[in-house]
Amino acid sequence: MSAAPPIDLTVNVQGFFRDVVAGSLRSRGCEVTDAAETYLVALLADFARPGQLDARALDRPVTLQLDEALRAAGYERFDRLRAVGDGVLYVTGFFGEHLEMRGVELGYVSGLGARAYESAAEMLRGAAGSGATGAPDLFAELAENFEALVALVADVADSLLARSATTDRSMVRLYERWLKHGSSSLAGLLAERGVLPRRGDRTLH
């Protein structure tokens with residue numbers, strides 16, 4: 001099983017992810033609220049800690065995890081719903097290729113993650129009252145933009161892979177990843193490393 005590339009935790013991890021996420025938002029022309037961007041950065045920083053989460057997080061069916069969350073009550077219900085949304089968002093972004101090789105339908109799993117966030121949002125709206133106004137509904141935004149956020153997390157994974165590619169073999173794997181997915185952010189990262197990404201030509205320049 002492929003693992004997420006190690007991150008040097010002696011540096012400012014949140015600052016690192018903030019820069020990468022902001023760059024991905026700009027390159028994709030994606031607009032999210034400051035609250036959603038901050039949440040995504042914090043999520044990535046939390047999961048960067050060794051042993052926090054990997055592709056095995058989806059070894060238990062997400063439908064079962066979501067059902068258990070919906071059957072819980074009170075704060076436990078909210079916490080479980082948020083955990084399902086967070087886990088699906090991170091794992092599908094970082095390990096999407098691995099999950100597809102296992103036969104996991106990413107669109108279906110993403111839909112479950114979005115539903116978990118939306119259910120958490122409904123709990124917050126119910127607690128605040130139907131007439132509540134003010135701060136943006138963060139979890140509703142996360143649910144609505146779930147697939148776009150998965151793409152942002154995948155950009156972060158690409159960035160980490162590019163930074164950890166120190167051998168010819170690892171650069172070839174990075175190039176082959178670009179050939180498969182055609183990520184514009186990965187193309188830019190390859191160009192920064194002196195590799196000219198070009199369709200129909202597997203030669204590294």
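Each remark here, short or long, concerns the structure printed above.
The written sequence of each chain sets the order in which its residues are numbered from 1. Selection of residues for local features in this predicted model requires a pLDDT of at least 70, selection of side-chain atom pairs for listing and counting requires 80 or more, and totals for whole chains, interfaces and linings are taken over all residues. For side-chain calculations, the full set of non-hydrogen atoms in the structure is used, while hydrogens and water are omitted.

1. Regarding the packing of helix H2 (residues 34-47) against helix H4 (residues 74-101)
Okay, step 1: Contact geometry for H2 and H4: axes closest at 11 Å, N-to-C directions at 75°. Comparing their axes, H4 and H2 come out roughly perpendicular. Each of Tyr 39, Leu 40, Leu 43, Leu 44 and Phe 47 in H2 lies in contact with H4, whose residues at this interface are Arg 82, Asp 86, Leu 89, Tyr 90 and Phe 94.
Okay, step 2: Here the contact of H2 with H4 is built from residues that sort into 8 nonpolar, no polar and 2 charged. Axis definition: a line fitted to C-alpha atoms, limited for helices to the stretch in contact. Angles are taken between N-to-C directions and run from 0 to 180 degrees. Only DSSP runs of H or I with at least four residues qualify as helices, and only runs of E with at least two residues qualify as strands; both kinds are numbered from the N terminus onward. Each angle receives one of four descriptions, namely roughly parallel if under 35 degrees, roughly antiparallel if over 145, roughly perpendicular if within 65 to 115, and oblique otherwise. In what follows, residue pairs with any heavy atoms lying within 4.5 Å of each other are defined as contacts. Residues are grouped as follows: nonpolar covers Ala, Val, Leu, Ile, Met, Phe, Trp, Tyr, Cys and Pro; charged covers Asp, Glu, Lys and Arg; every other residue, Gly included, is treated as polar.

2. Observations regarding helix H1 (residues 13-28)
Okay, step 1: Expected span of a helix, by definition, is 1.5 Å for each gap between consecutive residues, and there is one gap fewer than residues. Taking 1.5 Å as the rise per residue, H1 with 16 residues should run 22 Å; its terminal C-alpha atoms sit 23 Å apart, in good agreement.
Okay, step 2: Listed as buried for H1 are Val 13, Gly 15, Phe 17, Val 20, Val 21, Ala 22, Ser 24 and Leu 25.
Okay, step 3: Sitting at the amino-terminal end of H1 is Asn 12, which places a side-chain oxygen 3.3 Å from the backbone nitrogen of Gln 14.
Okay, step 4: Phi turns positive one or two residues past the end of H1, at Gly 29, with a value near 65°. With a 1.4 Å probe rolled over the protein chains alone, any residue whose accessible area is under 20% of its type maximum counts as buried; one over 50% counts as exposed, and the rest are partly exposed. Two N or O atoms count as a polar contact when they lie within 3.5 Å, although within protein this holds only if one can serve as hydrogen donor and the other as acceptor, and sequence-adjacent residues are included solely when both atoms are side-chain atoms.

3. Things to note about the environment of Gly 113
Okay, step 1: Within the fold, Gly 113 resides in helix H5 (residues 106-128).
Okay, step 2: When its relative accessible area of 0% is taken as the criterion, Gly 113 is described as buried.
Okay, step 3: Spatially, the C-alpha atoms of Gly 113 and Arg 82 are 8.9 Å apart, while their sequence positions differ by 31 residues.
Okay, step 4: Ignoring any residue separated from it by four or fewer positions in sequence, one finds Gly 113 in contact with Gly 85, Val 88 and Phe 146.

4. Comments concerning the pattern of salt bridges
Okay, step 1: One speaks of a salt bridge when a side-chain nitrogen belonging to Lys or Arg is within 4 Å of a carboxyl oxygen belonging to Asp or Glu. If you walk through the whole model with that rule in mind, you get 7 salt bridges.
Okay, step 2: In this structure, Asp 67 and Arg 71 form a salt bridge, with 2.8 Å as the shortest nitrogen-oxygen distance. In this pair, Asp 67 and Arg 71 are both assigned in helix H3 (residues 62-71), 4 residues apart and thus about one turn of the helix distant.
Okay, step 3: Arg 71 sits in the exposed class, given a relative accessible area of 68%.
Okay, step 4: Among the salt bridges present, the one from Glu 118 reaches Arg 125, with a minimum N-O distance of 2.7 Å.
Okay, step 5: By relative accessible area, Glu 118 is classed as partly exposed at 26%.

5. A look at the packing of H3 against H4
Axes are the key here: two packed helices are described by the angle between their axes and the distance separating the axes.
Okay, step 1: H4 packs onto H3 with a crossing angle of 160° between their chain directions and a minimal axis gap of 8 Å. As the angle between them shows, H3 and H4 are arranged roughly antiparallel. Crossing of H3 against H4: the hand is left-handed. When H3 is examined against H4, the residues Val 62, Gln 65, Leu 66, Glu 68, Ala 69 and Leu 70 are found in contact with a partner set consisting of Arg 77, Arg 80, Leu 81, Val 84 and Val 88.
Okay, step 2: The class makeup of the residues in the contact of H3 with H4 is 7 nonpolar, 1 polar and 3 charged. In this scheme the handedness of a crossing depends on how the near helix is turned from the far one: anticlockwise by less than a right angle means left-handed, clockwise means right-handed.

Nothing here speaks to function; it is all geometry.
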